[in-house]
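If you want the building blocks of each chain, they are given just below.
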Amino acid sequence: MMDRLSTRRLPVKSETKEVGLPDALKLKFDTALGHYYKSTLELDECCKLMADVYNLVPLNFDVAINYGNILRFSTRFDKALLIIKTLKHIRSGTLIPKYMKVRILAESGKKDQAAVYLKNVAGKYRIEDHLLIDIRFMSYSLLSTGNRDLAFKIVSTYLKVVPNDTRAVSHFIYINLLKENYEFVIEAAEEYLKTNPDDISILFHQAKAFTRISQKKKAVEIYVQISKFSVDKSVKAKALYEAAVNRDNNAEFAQVVQELEESYNLDPKEEADGYLAALYADKKMYAEAEHWMNVCANRVNIMDDSVYLGIRVQIEEHKGQYDMAVSSYIRLAEIDGANSIYYNNKIDNILQKMNQSNKP
């Protein structure tokens, strides 16, 4: 599927002349970038669009950096690193490729390697020497290695100099969400969305902030809004899932079930199946709970997960499958030792039921 995603290597030279973006390709580039930031097209399709542009102008810095970033976001880390390596030959004097490399390493599970690389970069350059555009990329690399406070300091200082950089403002909102400054996130997002109403990432940040301060109805409104205008299946699935789990399960039960089922059908990775199983078990609707537990069993080893096993044992007890329930409680005591006394008491209760039922 990804044959069109070029990872051609450029000649390794100390300098390579950067080329401009022809007008004939600019529209395609802007379209791909717009779809990516607004999540109005499937990620694979965004990759293909940007690959088409990159294949024709691999020496354009903006095309290469954005192509690499989309590859990173779609977890194609090896391809992203190949693209990022070419950047230092296209435009000298920028640290963006180095910061992008840090982020790719960190997000691909190589956080220790990323931290060492970032330390080496930071040791060679003073922050005040960076080109302004580098600051945002530096903060991303700091976040990916766990340095939230320094990232906050860097971006807030940068915004005092360039207050209208929308991407930096967006990133600063995200940093504040990580630092649990929820009131600021809500207010800043409201202001930002006046001129960027379709920025889905900010809508998600704002909704999460509302959830954190227990204003779940407002969070639900935002998630529903996202689910209606995004065409990206994974984004819609996530928005529907978050809307459902933030609703009142009693007052809006039918709506919760509908949104969870839609989320699962769009993207099973969102794990709406597990929430549905728990929801039905809580309502003592065991036939439905058992159906969704069977669905969960396709992706999870139930016997190794205390949450799912706890749902399953409720179903077993309801069906009078006491031998199976005892086995499940024994396994729960093994994997959730902190509650072993509770599980052992449940086993005793079941054994008493079994003894009574066996009496003549």
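To keep things clear, this report deals only with the structure shown in the data block. (Residues numbered from 1 in each chain as written. Predicted model: local features only at pLDDT ≥ 70, side-chain atom pairs only at ≥ 80, totals over all residues. Heavy atoms only, no water.)

### Digging into helix H16 (residues 286–296)
Within the span of H16, buried status applies to Tyr-286, Ala-289, Trp-292, Met-293, Val-295 and Cys-296. Those residues of H16 that are buried lie in contact with helix H14 (253–266), helix H15 (272–282) and helix H17 (306–318). (Buried < 20%, exposed > 50% of the residue type's maximum accessible area, 1.4 Å probe, protein only. Helix = DSSP H or I, 4+ residues; strand = E, 2+ residues; numbered from the N terminus. Contact = heavy atoms within 4.5 Å.)

### Focus: the state of the cysteines
Within the structure shown, the criterion is met by zero disulfides. Cysteine Cys-46 is unpaired, with the sulfur of Cys-47 as its nearest cysteine sulfur at 7.2 Å. By relative accessible area, Cys-47 is classed as buried at 0%. (Disulfide = S-S within 2.5 Å.)

### Looking at the nonpolar core
One broad trend across soluble globular proteins is that nonpolar side chains are buried collectively. Ranked by size, the top nonpolar core spans 33 residues in total, and within it Leu-260, Met-293, Tyr-308, Ile-311 and Tyr-329 carry the most contacts. Where this core is concerned, the elements lending two or more residues are helix H13 (233–245), H14, H15, H16, H17, helix H18 (322–335) and helix H19 (340–358). Beyond its immediate chain neighbours, meaning those up to four positions away, Ile-311 contacts Gly-274, Ala-277, Ala-278, Ala-281 and Met-293. Formed by 30 residues, the second largest nonpolar core is a distinct cluster that contains Tyr-54, Ile-70, Leu-87 and Met-100. (Core = buried A, V, L, I, M, F, W, Y, C linked by side-chain atoms within 4.5 Å.)

### Here we look at the packing of aromatic side chains
The description of an aromatic ring pair rests on the distance of the ring centres and on the angle between the ring planes. Applying the stated criterion to the full structure yields nine aromatic pairs. Taking the centre distance of 6.1 Å and the plane angle of 80° together, the rings of Tyr-241 and Tyr-275 count as edge-to-face. Taken together, the positions of Tyr-241 in helix H13 and Tyr-275 in helix H15 put the pair 34 residues apart, joining distant regions of the chain. Exposure remark for Tyr-241: the relative accessible area of 17% places this residue in the buried category. An aromatic cluster of at least three residues, connected via ring pairs, comprises Phe-152, Phe-172 and Phe-184. Over the aromatic face of Phe-152 sits the side chain of Lys-179, whose NZ or CZ is 5.2 Å from the ring centroid. Above the plane of the ring of Phe-204 lies Lys-238, whose end atom (NZ or CZ) is 5.9 Å from the centre. (Phe/Tyr/Trp six-rings, centres within 6.5 Å; stacked < 30°, edge-to-face > 60°. Lys NZ or Arg CZ within 6 Å of the ring centre and 35° of its normal.)

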